[in-house]
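Structural features, examined
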Amino acid sequence: MSDSSSQNPTNQNPGTPNVMPTAEALAAAAAAMGTDTQAQPAPVSQDPLADAQAELVNVKAQNATLADQYLRAQADVQNARRRADEEISKARKFAVEGFADSLLPVLDSLEAGLAIQSATPEQIREGAEATLRQLKSALERNKVVEINPSAGTKFDPHHHQAISVVPAQQEANTVVTVLQKGYLIADRVLRPALVTVTAPK
């Protein structure tokens, strides 16, 4: 009795999976995937000149848009610069408006005092003192503050101007007397105080 398995080469061990030859496996995979997965060539334009003309029209439109935006931006810059120049001009022209307004009551008081022909010395003095208070108040409202160092204050070359050096019974390089008050305006020296200082020991 002959072995049938040796006569039929296609019969395989039941426990072994069927293995298809390589060429057949590739063909079957290609058939299963279909032709849709194959790379499709990009469409080639039939009229390159028309494409170039269309691209040129697009570029010209973009260029016109950018040129319009640039001109608008330039106009905005010029308008902002002109407004700034006008504001600066107004600020310079009317910088003293508030200060002048605060001095008008002082002017009114001086004129009213001079209009009194029969004023006594006491009345003149009282009027002058009242006017001086008005003037100091107006200066302070405009940030004008006096520099009036007391005796013994350390000499400050930023706020004081020494006129002379005198001997005194106090620490060296300190203020002895104030010959003329100084003034600050917004923390800037408008005029330094004229002082005498003690000589170094």
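Keep in mind that this is a model prediction, so the values were computed, not measured. (Residues numbered from 1 in each chain as written. Predicted model: local features only at pLDDT ≥ 70, side-chain atom pairs only at ≥ 80, totals over all residues. Heavy atoms only, no water.)

**Section: the pattern of salt bridges**
Evaluation of the coordinates by the stated rule reveals three salt bridges. The salt bridge partner of Arg125 is Glu129, with a shortest N-O separation of 3.2 Å. With a gap of four residues between them, Arg125 and Glu129 both fall in helix α5 (residues 121-141), about one helical turn apart. A residue is classified by how much of its surface remains accessible, and Glu129, at 35% relative accessible area, is partly exposed. Among the salt bridges present, the one from Glu146 reaches Lys181, with a minimum N-O distance of 3.3 Å. Of this pair, Glu146 sits in strand β1 (residues 144-147) while Lys181 sits in the loop between β3 (175-180) and β4 (182-185), and the two are 35 residues apart along the sequence. (Salt bridge = Lys/Arg side-chain N within 4 Å of Asp/Glu carboxyl O. Helix = DSSP H or I, 4+ residues; strand = E, 2+ residues; numbered from the N terminus. Buried < 20%, exposed > 50% of the residue type's maximum accessible area, 1.4 Å probe, protein only.)

**A word on α5**
Given a rise of 1.5 Å per residue, 21 residues ought to cover 30 Å, and the 30 Å separating the end C-alpha atoms of α5 matches this to within 8%. What α5 keeps buried is the set Thr131, Ala138 and Leu139. For α5, the angular spread of the buried residues around the axis is 95°, confining them to a single face. Opposite the buried face of α5, at more than 90 degrees from it, the exposed residues are Glu122, Arg125, Glu126, Arg133, Glu140 and Arg141. Buried positions along α5 lie against α4 (97-115) and β1. Immediately downstream of α5, the backbone of Lys143 shows phi near 65°, a positive value. (Expected span 1.5 Å × (residues − 1). Arc of directions from axis to C-beta. Contact = heavy atoms within 4.5 Å.)

**Let's talk about the confidence of the model for the protein**
Of all residues in the protein, 78% attain a pLDDT of 70 or more, and the chain-wide mean is 83. Contacts of residues 1-21 to residues separated by more than four positions or lying in other chains number two contacts, the stretch itself having pLDDT below 50. Below a pLDDT of 50 lies the segment residues 35-39, which in the model reaches one contact outside its immediate sequence neighbourhood of four places, other chains included. (pLDDT = per-residue confidence, 0-100.)

**Some words on α4**
The first and last C-alpha atoms of α4 sit 27 Å apart over 19 residues, in line with the 27 Å expected at 1.5 Å per residue. Of all the bends in α4, the largest measures some 30° and sits at Leu103, one to four residues before the proline Pro105. (Bend = angle between axes of the 7 residues up to and from the residue.)

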